Each structure stands twice: as C-alpha cells, then as structure tokens.
Amino acid sequence: MAQFIQQIINGLNVGSIYALIALGYTMVYGIVKLINFAHGDILMIGAYFGFFALATFNVPFGLALVISMILCALVGMAIDRLAYKPLRNAPRISALITALGMSMLLQNLFRLLFGAQPRRMPAVIELKRIEIAPGIAISNLAIITILLSVGLMLLLEFVVKKTKTGKAMRAVSEDKAAAKLMGVNVDKTISITFAIGSALGAVGGLLYAINYYQVEPYMGMMPGLKAFVAAVLGGIGVLPGAMLGGFVIGLIETLTKGYISTTWADAFVFGILIIVLIFKPAGILGKNTREKV
Amino acid sequence: MDKKVISGYIKNITAIMVVYAIIFYLIQIKVINNYYNGILILAGIYIIVAASLNLATGYLGQLALGHAGFMAIGAYTAALFAIAVDLPKYVELVAGLILGGVVAGIFGLIIGIPALRLRGDYLGIVTLGFGEIIRIALLNLSFTGGAAGLKGIPRYVNFTEIYFLVVLVIAFLFAFIRSRHGRAILSIKEDEIAAESVGIPTTFYKVYGFVVSAFIAGVGGGALGFYQRILDPKKFNFMFSVEFFIIVVLGGMGSITGTILAALALAFINEFLYSIDELRLVIYALTLIILMIFKSDGLLGRKEFSLIKLLNRFSKKTKIENAD
C-alpha cells in the first residue's frame, strides 16, 4: 500500500508537468486548430533558458523561472508570426508540416548551438525528503512542482474565464469570423494565446529539467508527445481536460513503470491514445461537435 | 487496346531497360564503384518508402509520421521469415517481401481504423506514437534480437533486384492512382465533405489508401533488411520517418516522379553532408518551412514527368521543322 501511494505521488509530480505542457497544446489547438508540434521544443527552449539563467548567471530560481517564461512567450509569438500566420488559410496539412519543420528546426538549431551532449542542471533547491507516513516520502521538489503547476493552472482558468483577453480567446476559438465582426483583434488574441501557452510550456520544461537533472536538445520530444496524448485524452481544446489528461497520463506512466515494466511505459502511453480514439475520440471532457459545411 | 497506349507501354519499357542496362554496365566496368552502388540501392529503398508515403500524404492528404515503423515491421518480418525457412533465393525474397508488406499492412489497418474514422489530424500523432511503440517493442522483444539488432539476414537484394522492385512499385502506384479507387482517394484530399456527399465512403478509402501505403513501406523495409543484412532497431526512429516526409514534400505532394527525383537527390546529399549532420537537419527543417509558406505543394507540385509527352513534343517539333 505504501508503495502504491508513493507511486501515486510520483505520478502526480510528473503528471502536473505534463498537464502544464498539455495546456499549451490544447490552447493553440482550440484557437487555430493546429497541432503545434513545436510546443514540445518550446519546453526544451524553456529548460535551456532556465539552465543558462541558473548555471551561467546564477540568478535565483524564481527569477530564472520568470525570465524563461518571458523569453519563451516571445519565442512562441515569433514562431506564430513567422511560420504559422502566413498559413492561416492554407490547407491543414501545410500548417502541420510547417509545425513539424519548426520542431525539427528548433531541435537541431539548439543542437548546433549548444551540442548534443546533455548538460547537467544545477541543483536549484536543496533536495529534502519529507516523510509523511512510514514508507511514503515526498520531496520538496515534488511539492514545489505540483503547487506551482496547480497554481498556474488556476491562474490560467481565471485569465480565460474572467478577463477581457480570456473572453476574446474564447470568442476567437468559437468562431473567428464572428469574433472579428464583434471587434476582437483576432491576430493579437492568437499571439497572446501562443505567448501564454509557451510560457506555461517553459515552466513545464524547466520543472522537467530540474526533476531529471539535465537539459539536451531533444528532451522536448517525449514529454511533448505525452502531453499531446494527455490533451487528446482530456478532450483537445478543453482546458480542464488538458489538466485532467496530464495527471492521468502521469499516473499511468508511473504505475506502469512501477508495476509492469520500465521499458514499456512509453509504449503504454501511446497505446492509450489509440484506445481513446477508438472509444471516446472527443476525449474525457470533450464535447462531440457537429460539423458545419 | 488503343494503339497509342501500346506504343506508350513499349516506349516506357524500353526506356526502363535502357536505363537499367546503362547503370548495370557502369557498375560492371566499375565507373560506379561499390560505394556509389550502395547509395543507389539505398536511394531505391528511399524511393519505394517515400512513394508509399506520398500515397498517404500527397494523394490522400493525411499526415503520416510513422513510416519508419511500417518499414521496421516489414523488415523484421521478411528477415525472420528468410532466416527461418530454407528455400531458393528468389522464392524467399519475393515471399519475404510480400509477407513483410502484408504484416505492415495489417498494422496499418489496426491503427488506421481508429485514427482515420475521425476527421482531423489524429493520424499524424497516432502514427508518430505507433512508430515509437514499434521501436520500443523491437528494442525489448527477444525474438527480434533486441537492442543488439537482428543479424544473419541473407543478402538477396542488389542493384538489379532493387531496380526492378522500384519499377514494379512505381508502376503499381501509377496504376492505382489512376484507377477508380485512386480517384476516390484524390477526391478525399480535395474536399472530404464534398466527396462524402457524392457517395464516396471516405473512411473506407482513407483506410484503404493508408493500408496500401503501409504495405509498400513494409516491402521497402524488407528490401532494406535483405540489402543491409543486419537490422538495427534504433535506426527506425522518428527522424527516419521524417526523412521520407522531407523527400515527399521536396518532390511534390502528389507527384510520384518528383518523389523519385527527390529521393535520388537526398540519398546523395545525405551521404555528402553526413559529417555535418546538425547543419544538414537545420537546412532540411528550414527548407520544409519555407517551402510550405511559399509553395505549399512541394517543389514539383503535382506535375509528373512523362516520357511519352516528352517524346511527342520532340516529334512534333521535328515534324514542324520538316514541313518548313
């Protein structure tokens, strides 16, 4: 039992990171109907910015986090402006290929600039294990990760539901043309969406790098993919769905690792994607939408 | 049959044999040495797999990112079959390739049905995940040789075999695309809703096209195993799938001859740029993005190179000159 609870705690830790990343996927998908393959690499970039801030400039963790978020938000907006905006009305597949190309570009550009060797993330916080019950321990890092993630998710929920920008975002994702007629600045709203999604991705990336102690150019691929699976599982385009999906995927992954097999855990996650698409393609919290011609 | 059609066939077959004879002769007199011969064979395999991907992406309009996975399935099936049985060379080769293709096709069916039933871009992510599952499975299963790879595959494929396999696959694809089924597939890419409303069973044709694509990719994978004699599961990763994707996009989505040209070009460029791998991939990525923004159906678009048309144009020109 103690081991099971321990696994659940670990699962929540990883899951909260996936949830943060999944939010970025789902927001962008909701607003421009594009699977942003480059989102996984945004988290890699966020981790690199955080790494340089922490290791090279020795700034405190909180500041590094903010710097990384701001820079990633700018990168996300730039990607949208340069690569996706010209293709807003192009066939879907062109936009997808561009996203794929962008993902490849970011990975290999960072490999070219900083080398393929993984770099060791400095220990930001002195690792302490807090025993909450016999045999069950939670590290302070896990607490920070979970609290930070949940806090940001609540903040996002507030922004989307209560602010004017959030209202614009919801309007654009519902009907772009109608939103434009109502005086919503569509391009600006999309830019803001990319910025917020990328900033959350940066936090996810930095936390991921701290949890696994390293940064490398291809680190974004796997968590990015799993986060996407999480977004689909929760219902793509639905914000609470992405959070739920993230936690579920994190739990499934750690439980598979703990009880079935370490090597097969990733295969399990993708297997789930296929099963979800068979039985509930709209995801757990998704609605079936009727198609308009 | 129409006289024109027959003469067209004859011209094409003659051209294929002449090109074969020239390259074969060049290999014999060592103008094309072993090194270049190897690149040619790899280019042949690239052509097969990229052409199959073009069917899924260029003609069907679906993003498929797991063709390395189908290749791996075909390669391992064919190789394990050839190792297990003891039959004459060509029987094993043909049976192995077909078996590899069939098993890849079955996997294509299994993942194609859930992903293609839905409208939207799920196929891309499902195939991507599927490719990863296959890679992980190959690394961890014992009968595939695990991480050490599968060794001791007989070498059944050389230039002659790959050349005619490419010809066969390309001829099949042309015939397929121009058939009733092919037109149905094209119509889905053009407008899925319109295709459905004129009575085309879109899900059926999407799955059908995708399974055919997986089948051919499996055959290409089988050929790779029979050429390399060793299969390394780590090779069949996401980047390998993406390389085929780049070939398709460069050659033109919806142009088989474009794919052939791009595969040949990339096989050689890859070889020369191998030492600066990072830069190579940065250049490819930039090419993809810039192409999509400025010419979204690839370099050649949907144009096909046609020998017959070229010959007709020449003969017309000479006729006009003679008349003068």
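About the thresholds
The residue numbering used here restarts from 1 in each chain and proceeds along that chain's sequence as written. Each chain takes a letter, starting from A, and each ligand takes a number, starting from 1, following the order in which they are written. Two thresholds apply to this predicted model, a pLDDT of at least 70 for residue-level local features and 80 or more for giving and counting side-chain atom pairs, whereas whole-chain, interface and lining totals are computed over all residues. Counting from the N terminus, the helices are DSSP H or I runs at least four residues long and the strands are E runs at least two residues long. For the radius of gyration, the atoms used are the C-alpha atoms, and the globule rule reads 2.2 Å times the number of residues raised to 0.38. With C-beta atoms placed from the backbone, a residue is labelled by how many other C-beta atoms lie within 10 Å of its own: buried for 20 or more, exposed for 12 or fewer, partly exposed between the two. Two residues qualify as a contact pair if the distance between their C-beta atoms, derived from the backbone, is within 7 Å. Residue ranges assigned to each domain were obtained from an automatic or database domain assignment. Polar here means any residue other than Ala, Val, Leu, Ile, Met, Phe, Trp, Tyr, Cys and Pro, which are nonpolar, and Asp, Glu, Lys and Arg, which are charged; Gly is therefore polar. Residue-level confidence of the predictor is what pLDDT reports, using numbers from 0 through 100. Note on geometry: axes are C-alpha line fits, over the in-contact stretch for helices, and angles between N-to-C directions span 0 to 180 degrees. Roughly parallel means an angle under 35 degrees; roughly antiparallel, over 145; roughly perpendicular, 65 to 115; everything else is oblique. Linking buried Ala, Val, Leu, Ile, Met, Phe, Trp, Tyr and Cys residues through C-beta atoms within 7 Å yields a set, and such a set is a nonpolar core. Two strands are said to pair when DSSP picks up at least two bridges between them. An arc is given here, and it is the one of the directions from the helix axis to the C-beta atoms. The length a helix should cover is 1.5 Å for every residue beyond the first.

Engineer: Help me understand the overall build of chain A in this model?
Structural biologist: Helices and strands together make up the secondary structure of chain A, namely 11 helices and 4 strands. Computed over its C-alpha atoms, the radius of gyration of chain A comes to 19 Å, within 12% of the 19 Å expected for a compact globule of 293 residues. Projected onto the principal axes, the alpha-carbon positions of chain A cover approximately 60 × 45 × 35 Å. Within chain A, buried positions represent 52% of all 293 residues. Within chain A, counting contacts between residues at least 6 apart in sequence, those at least 24 apart form 75% of the total.

Engineer: Just checking my understanding: could you explain the overall build of chain B for this structure?
Structural biologist: A tally of regular secondary structure across chain B gives 13 helices and 0 strands. Element order for chain B, N to C, with α for helix and β for strand: α-α-α-α-α-α-α-α-α-α-α-α-α. Taking 20 Å as the expected radius of gyration for a compact globule of 324 residues, we find that chain B reaches 20 Å, a close match to that expectation. Across its three principal axes, chain B shows a C-alpha extent of roughly 75 × 60 × 45 Å. Within chain B, the proportion of its 324 residues that are buried is 46%. The long-range fraction of contacts in chain B, counting pairs at least 24 apart against all pairs at least 6 apart in sequence, stands at 82%.

Engineer: What is the right way to read the domain arrangement of chain B from this model?
Structural biologist: A common measure of how large an interface is: the accessible area buried when the components associate. Residue and element names in this part refer to chain B. Entries for chain B in the domain assignment read domain 1 (1–32) and domain 2 (33–323). Taking only C-alpha atoms, the centre of domain 1 and the centre of domain 2 are 23 Å apart. Residue-level contacts link 10 residues of domain 1 with 9 residues of domain 2.

Engineer: Mind showing me how you'd approach the interface of chain A and chain B here?
Structural biologist: Residue-level contacts link 36 residues of chain A with 35 residues of chain B. Secondary structure elements with two or more residues in the side of chain A that touches chain B: α4 (92–114), α9 (221–234) and α11 (265–279) of chain A. Considering each element in turn, the side of chain A that touches chain B owes the most residues, 14 residues, to α4 of chain A. When its residues are assigned to classes, the side of chain A that touches chain B shows 26 nonpolar, 6 polar and 4 charged.

Engineer: Just to check I follow, could you spell out the confidence of the model for chain B for this structure?
Structural biologist: A low pLDDT means the predicted coordinates there should not be read in detail. Residues and elements named next belong to chain B. On average, residues of chain B score 88 in pLDDT, and 97% of them are at 70 or above. Looking over chain B, one finds the lowest element-wise mean pLDDT in helix α13 (residues 307–323), namely 74, and the highest in helix α9 (residues 202–228), namely 95. The ipTM for the predicted assembly is 0.83, set against a pTM of 0.87.

Engineer: Would you explain unusual backbone geometry in this entry?
Structural biologist: Residues apart from glycine generally show negative phi values, whereas peptide bonds are mostly found in trans. For Lys33 of chain A, which is not glycine, the phi dihedral falls at a positive 55 degrees. Notably, Arg229 of chain B is not glycine yet its phi reads approximately 70 degrees, a positive angle. The class of Arg229 of chain B is partly exposed, set by 15 C-beta atoms lying within 10 Å.

Engineer: How should the packing of helix α5 (residues 140–162) of chain A against helix α8 (residues 186–212) of chain A be read in this particular structure?
Structural biologist: To characterise two packed helices, one gives the angle between the axes of the helices and the distance between these axes. All names here are of chain A. With their axes 11 Å apart at the nearest point, α5 and α8 run at an angle of 175 degrees to one another. On the basis of the axis angle, α5 is roughly antiparallel to α8. Each of Leu141, Thr145, Leu148, Leu152 and Leu156 in α5 lies in contact with α8, whose residues at this interface are Ile196, Leu200, Val203, Leu207, Ile210 and Asn211. For the contact of α5 with α8, a count of residues per class yields 9 nonpolar, 2 polar and no charged.

Engineer: Help me out: how do you make sense of the nonpolar core in this one?
Structural biologist: Nonpolar side chains in soluble globular proteins generally cluster together in the buried interior. Counting 201 residues, the largest nonpolar core has Leu23 and Val229 of chain A together with Ile48 and Ala223 of chain B as the members making the most contacts within it. Considering each element in turn, this core owes the most residues, 15 residues, to helix α1 (residues 2–32) of chain A. If sequence neighbours within four positions are ignored, Val229 of chain A has contacts with Ile249, Val269, Phe270, Ile272 and Leu273 of chain A together with Gly129 of chain B.

Engineer: Help me understand the confidence of the model for chain A, please; the structure alone is not making it clear to me.
Structural biologist: Residues with a pLDDT of 70 or more make up 98% of chain A, whose mean pLDDT is 88. Confidence scores differ between elements of chain A, with strand β2 (residues 129–133) of chain A showing the lowest mean pLDDT of 78 and helix α3 (residues 61–84) of chain A the highest of 94.

Engineer: How do you make sense of the pairing of β2 of chain A when you look at a structure like this?
Structural biologist: Both faces of the sheet carry side chains from a regular strand, because those side chains alternate between them. Of all 5 residues in β2 of chain A, 0 are buried, a share of ten percent or less. In this antiparallel pair of consecutive strands, β2 of chain A and strand β3 (residues 136–139) of chain A, the connection spans 2 residues, and Gly135 of chain A shows a positive phi of 85 degrees.

Engineer: How do you make sense of helix α6 (residues 164–174) of chain A when you look at a structure like this?
Structural biologist: Residues separated by three or four positions in an α-helix point in the same direction, a consequence of the helix having 3.6 residues per turn. Residue and element names in this part refer to chain A. If you check which residues of α6 are buried, you get Ala168, Met169, Val172 and Ser173. Each buried residue of α6 sits inside an arc of 130 degrees when the element is viewed along its axis, so together they form one side. In α6, the exposed positions angled more than 90 degrees off the buried face are occupied by Lys164 and Glu174. Among the structural elements, α1, α5, α7 (176–181) and α8 are those in contact with the buried residues of α6.

Engineer: Help me out: how do you make sense of helix α5 (residues 122–140) of chain B in this one?
Structural biologist: For α5 of chain B, built from 19 residues, the straight-helix expectation of 27 Å at 1.5 Å per residue is met to within 8% by its first-to-last C-alpha distance of 27 Å. α5 of chain B sits mainly inside the fold: 15 of its 19 residues count as buried.

Engineer: In this structure, what is going on with the pairing of β3 of chain A? I would like to understand it.
Structural biologist: The pairing of β2 of chain A with β3 of chain A spans 4 bridges and is antiparallel. Directly across from Ile130 of chain A, in β3 of chain A, lies its bridge partner Ile138 of chain A.

Engineer: I'm lost on the packing of helix α3 (residues 67–84) of chain B against α5 of chain B in this one. Help?
Structural biologist: Residues and elements named next belong to chain B. Packing of α3 against α5 leaves a shortest axis separation of 8 Å and a crossing angle of 35 degrees. Contacts between α3 and α5 involve Ala68, Gly69, Ala72, Ile73 and Tyr76 from the former and Phe130, Gly131, Ile134 and Leu138 from the latter. Classifying every residue of the contact of α3 with α5 by side-chain character gives 7 nonpolar, 2 polar and no charged.

Engineer: What is the right way to read the environment of Tyr36 of chain B from this model?
Structural biologist: Relative to the helices and strands, Tyr36 of chain B is located in helix α2 (residues 34–59). Here the alpha-carbon distance between Tyr36 of chain B and Leu63 of chain B, two residues 27 residues apart in the chain, equals 32 Å.

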